[in-house]
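Coordinate analysis (summary)
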Amino acid sequence: MTDNELIWRISGGSGDGIASTSQNFAKALMRSGLHVFTHRHYPSRIRGGHTYTEIRASAEPVRSRGDGYNFLLALGDSFARNPQEDAVYGNEEVKPLSENLDELREGGVIVYDEGLLDPSDIPDFDERVEENDWHVYPLDLRGLAREQGREVMRNTAGVGATCALIGMNREHVEDLMRDAMPEKIFEPNLEILETAYESVLENYDADAHDVTVPSGEHDEQQVLLSGSDAISYGAIDEGCRFIAGYPMTPWTEVFTIMTKNLPELGGISEQVEDEIAAAAMAVGASHAGVKAMSGSSGGGFALMSEPLGLAEMTETPVVLIEAMRAGPSTGMPTKPEQSDLEHVLYTSQGDSQRVVLAPGTVEEAYEQSRLAFEIAYEYQIPAILLYDQKLGGEMLNVPKSHFDREPNADLGKTLSEAQLTEQPHTPDGKFHRFQHEADDGVSPRSIPGQKGGRYLATGNEHGPSGHINEDPDNRTAQIDRRLEKLEVIREHLDTVDTQTYMGPEEAEYGILTFGSQQGTVAEAVDVLNANGHSVKALGVSDMLPFPTAEVEAFIESVDAALVVEMTASGQFRGLIQKNLGRHGEKLSSLLKYNGNPFEPAEIVDGFESVVVEGDDLDSSTTTFVPAAGD
């Protein structure tokens, strides 16, 4: 964390263009030479309801949202419902201002649209402004927009005011607008941007506060991507040309990106009637010889259990995406949580075989999307990519060179017709697709339509040619061979370095996490070591097969370890203890499950209070669970 950083929050209502405005401003900051990281908070509504996006910008790389923020642009909610305080959802009209004050840092800046927001509706607003030394700039942003005939342009007016107050050159914003807008829309937006900019400079002392835009320079060209972008582009680069799905937040973003791009690449996207059909169609497409994927979130993925089991039994490679959100049932569709971990590990029937990867960063989302396809098709096994709304929606800059890699359309151990003539067949010509003895447990497959490649694909236990076979010896041989794949895959993953180490190699204490909390933990580790503690961390991506030896070596190297995760039941800690079978006395948990991701300070405070000092955790947002025996 650096002192010289801008953390800009734009708030309004769903449908007010908060996401698009913030994305464009983030791009402008990136093009100006800064590193950026975005965080989104939005309700489960299409129109109305308080929403905000936060952009953290610094000359140094940033991997997490910050602790609080220092600039608020409150636009109001154009679709607010009942404005009464005693309404079910409170006074929604004022929430873009009132709901964002608690996290605003001392000395921070507030710009609000006085055409929509009235601070007198907020109890003690003036007292809080004085107490926290906030600098308040009321502007009639809606009025400026109406002068150009389009009220939605008040977002542009807000960006213009921001540029004036933080000392940012408008050039990067103007260039983005010019690239994105047709001329008839660009011209009035440009005029509004300039008018708001000049209005602030004419009517206010823009130097009265200390919040400024940092200056920086990139060594190479950058791109701004979300985890959903990275997963999609990784799948495309690894040769995926078929996707089937049904929309469900937050998985829909990956589905939408793939649907937009696949037709241009000769691929196919199908929106079907439900998630059972989506997963079954992906399994069928893969069986027919194309790299295929499907996915969903929460309850939608639960419906995929049966097709997932079919893919495991027929050894059909397929990649499934599970975008976690707060559950159970419908839960909180737009809020992040990691509590689908056990569901994804164990759903379906019997002794199932699958691979589960949980990337922790945008870069890892791209790499492990490709890795999921590579493993699925090399070892003929379903691979699941597990992430959450936080990773899927947050955006950060990544060097463009990170994606300069060769595409891979290889289908793995797939036989040609010439090779099939050398394979064993039944007397009536069926190919022994499921041979008992196979290298690495992988019996080579044929593609439907190949001469000599005919076999049965069934969800029943089967013999080598696919015919139903319940003979005990056959059952044992088939299960043992399928399970052997996981041992070989573990060896494969050990060569890829999918786990991430943070902090000094030699440290007294450790932190363990998985998935999207990795960047936040990395920043917390930096702060803890700067505070004089000796701490390192391990971000684990391989959920199944689990990197038991690597995790055990990490735990054995420290005196105590804190497991950080967004679940209420400590599922990741449970997975660690299940696979290790010991070290429970070393592991404690820091949990958060209120719908918001961790901030670095929460991890720092939890670690210092509980692990170092042995005190009770004084927090309303996080929960501590002690080690076994404590």
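Provided above is the structure to which this section pertains.
What comes next concerns the included structure. What you see is a predicted model; the values in this text were computed from it and never measured.

Rules used in this analysis
Residues numbered from 1 in each chain as written. Predicted model: local features only at pLDDT ≥ 70, side-chain atom pairs only at ≥ 80, totals over all residues. Heavy atoms only, no water. Helix = DSSP H or I, 4+ residues; strand = E, 2+ residues; numbered from the N terminus. Rg over C-alpha atoms; globule rule 2.2 N^0.38 Å. Areas by Shrake-Rupley, 256 points an atom, 1.4 Å probe, with all protein chains shown as cover. Lys, Arg positive; Asp, Glu negative; His and termini not counted. Charge placed at Lys NZ, Arg CZ, Asp CG, Glu CD. Pairing = 2+ DSSP bridges. Axes fitted to C-alpha atoms, helices over the stretch in contact; angles between N-to-C directions. Core = buried A, V, L, I, M, F, W, Y, C linked by side-chain atoms within 4.5 Å. Buried < 20%, exposed > 50% of the residue type's maximum accessible area, 1.4 Å probe, protein only. Contact = heavy atoms within 4.5 Å. Phe/Tyr/Trp six-rings, centres within 6.5 Å; stacked < 30°, edge-to-face > 60°. Lys NZ or Arg CZ within 6 Å of the ring centre and 35° of its normal. Parallel < 35°, antiparallel > 145°, perpendicular 65-115°, else oblique. Left-handed = near helix turned anticlockwise from the far one by under 90°. Nonpolar A, V, L, I, M, F, W, Y, C, P; charged D, E, K, R; others polar. Polar contact = N/O pair within 3.5 Å; in protein donor to acceptor, adjacent residues only side chain to side chain.

What follows is about the overall build of the protein. Check the secondary structure of the protein and you find 21 helices and 21 strands. Taking 630 residues into account, the globule formula puts the C-alpha radius of gyration at 25 Å, and the protein, at 27 Å, falls close to it. In terms of its C-alpha atoms, the protein occupies a principal-axis envelope of roughly 90 × 60 × 50 Å. For the protein, the computed accessible surface area is about 25,100 Å², with 46% contributed by carbon and sulfur atoms. For the protein, the separation between the mean place of its 47 positive charges and that of its 108 negative charges on side chains is 8 Å.

Glancing now at the sheet that holds strand S9 (residues 268–271). Ordered in space as S9-S8-S10-S11-S13-S12-S18, the seven strands form an open sheet in which the pairing is mixed. In the strand order of this sheet, the two ends are held by S9 and strand S18 (542–544), each with one partner. Going from strand to strand, the sheet's axes swing by 20° on average, the running direction of each strand aside. Sheet analysis places strand S8 (residues 242–245) next to strand S10 (residues 292–296), joined by three bridges and oriented parallel. When the bridges of S10 are listed, Ile-243 appears paired with Met-293.

Our focus in this paragraph is the nonpolar core. Counting 85 residues, the largest nonpolar core has Met-258, Met-293, Leu-512, Met-543, Val-551, Phe-572 and Ile-576 as its most contacted members. Of all the elements, helix H14 (residues 362–379) adds the most residues to this core, at ten residues. Leaving out residues up to four positions away in the same chain, Leu-512 has contacts with Leu-538, Val-540, Val-551, Phe-554, Ile-555, Ala-561, Leu-562, Val-563, Val-564, Phe-572, Ile-576 and Leu-587. Trp-8, Ile-55, Leu-141 and Tyr-197 belong to the second-largest nonpolar core, a separate cluster that totals 47 residues.

Pairing in this open sheet of six strands is mixed, and the strands run S15-S17-S16-S19-S20-S21 from one edge to the other. This sheet does not close on itself; its edge strands, each paired only once, are strand S15 (500–502) and strand S21 (623–625). For this sheet, the mean inter-axis angle between neighbouring strands, taken without regard to orientation, is 20°. Where strand S16 (residues 509–514) meets strand S19 (residues 560–565), five bridges bridge the pair, whose relative direction is parallel. The partner of Thr-513 across the bridge, within S19, is Val-564. Running over the sheet, helix H19 (residues 548–556) touches S15, S16, strand S17 (535–540) and strand S20 (587–591) and is turned about 165° from S17.

An α-helix turns once per 3.6 residues; consequently, residues spaced three or four apart project the same way. Within the sequence span of helix H20 (residues 571–580), burial applies to Gln-571, Phe-572, Arg-573, Leu-575, Ile-576 and Leu-580. Of the residues one or two after H20, Gly-581 is the one with positive phi, at around 75°.

Two aromatic rings are characterised by how far apart their centres lie and by the angle between their planes. Under the counting rule described, the total for this entry stands at nine aromatic pairs. On the basis of an interplanar angle of 85° and a centroid distance of 4.8 Å, the ring pair of Tyr-366 and Phe-403 is categorised as edge-to-face. In this pair, Tyr-366 sits in helix H14 while Phe-403 sits in the loop between strand S14 (395–399) and helix H16 (417–420), placing the two residues 37 residues apart along the sequence. Their ring planes at 10° and their centres at 6.4 Å tell us that Phe-373 and Tyr-377 sit as a pair that is stacked. Residue Phe-373 and its partner Tyr-377 are located together in helix H14, separated by four residues, close to a single helical turn. Of the two residues, Phe-373 and Tyr-377, both sit in the buried class. Taken together, the ring pairs connect Phe-431, Phe-434 and Tyr-455 into an aromatic cluster. For Arg-9, the ring lying beneath its charged end belongs to Tyr-52, and the centroid distance is 3.8 Å. Of note, Arg-170 hangs over the ring of Tyr-197, and the distance from its end group to the ring centre comes to 4.4 Å.

With their axes 9 Å apart at the nearest point, helix H1 (residues 18–31) and helix H6 (residues 171–180) run at an angle of 125° to one another. In terms of orientation, H1 and H6 fall into the oblique class. As H1 runs across H6, the sense of the crossing is right-handed. Facing H1, whose interface residues are Asn-24, Phe-25, Lys-27, Ala-28 and Arg-31, H6 presents His-172, Val-173, Leu-176 and Asp-179. Residue composition of the contact of H1 with H6, by class: four nonpolar, two polar and three charged.

So, on to the pairing of strand S4 (residues 69–74). With six of six residues buried, S4 lies mostly within the body of the structure. As paired strands, strand S1 (residues 5–13) and S4 are joined by four bridges and run parallel to one another. The partner of Trp-8 across the bridge, within S4, is Phe-71. Pairing analysis gives five bridges linking S4 to strand S5 (residues 104–113), with the strands arranged parallel. For Phe-71, the partnering residue across the bridge sits in S5 and is Val-109.

The next point concerns the environment of Arg-128. Within the element layout of this structure, Arg-128 appears in helix H3 (residues 125–132). Its relative accessible area of 25% is what places Arg-128 among the partly exposed residues. Along the backbone, Arg-128 and Glu-54 are 74 residues apart, and their C-alpha atoms lie at a distance of 22 Å. Leave out the neighbours within four places in its chain, and Arg-128 touches Leu-101, Asp-102 and Trp-134. Within polar-contact distance, the side chain of Arg-128 engages the side chain of Asp-102 at 2.8 Å.

Another aspect to go through is the side chain of Ser-22. Here Ser-22 lies in helix H1. There is a polar contact of 2.9 Å between the side chain of Ser-22 and the backbone oxygen of Ala-19. When residues no more than four places from it in sequence are discounted, the contact partners of Ser-22 are Trp-8, Ile-10, Thr-53 and Ile-55.

Moving on, we get to the environment of Glu-417. For Glu-417, the position within the fold is in helix H16. Contacts of Glu-417, omitting those with residues within four sequence positions, involve Gly-449, Gln-450 and Lys-451. Looking at Glu-417, its side chain comes within polar contact range of the main-chain nitrogen of Lys-451, at 3.0 Å.

None of this, on its own, says anything about what the molecule does.
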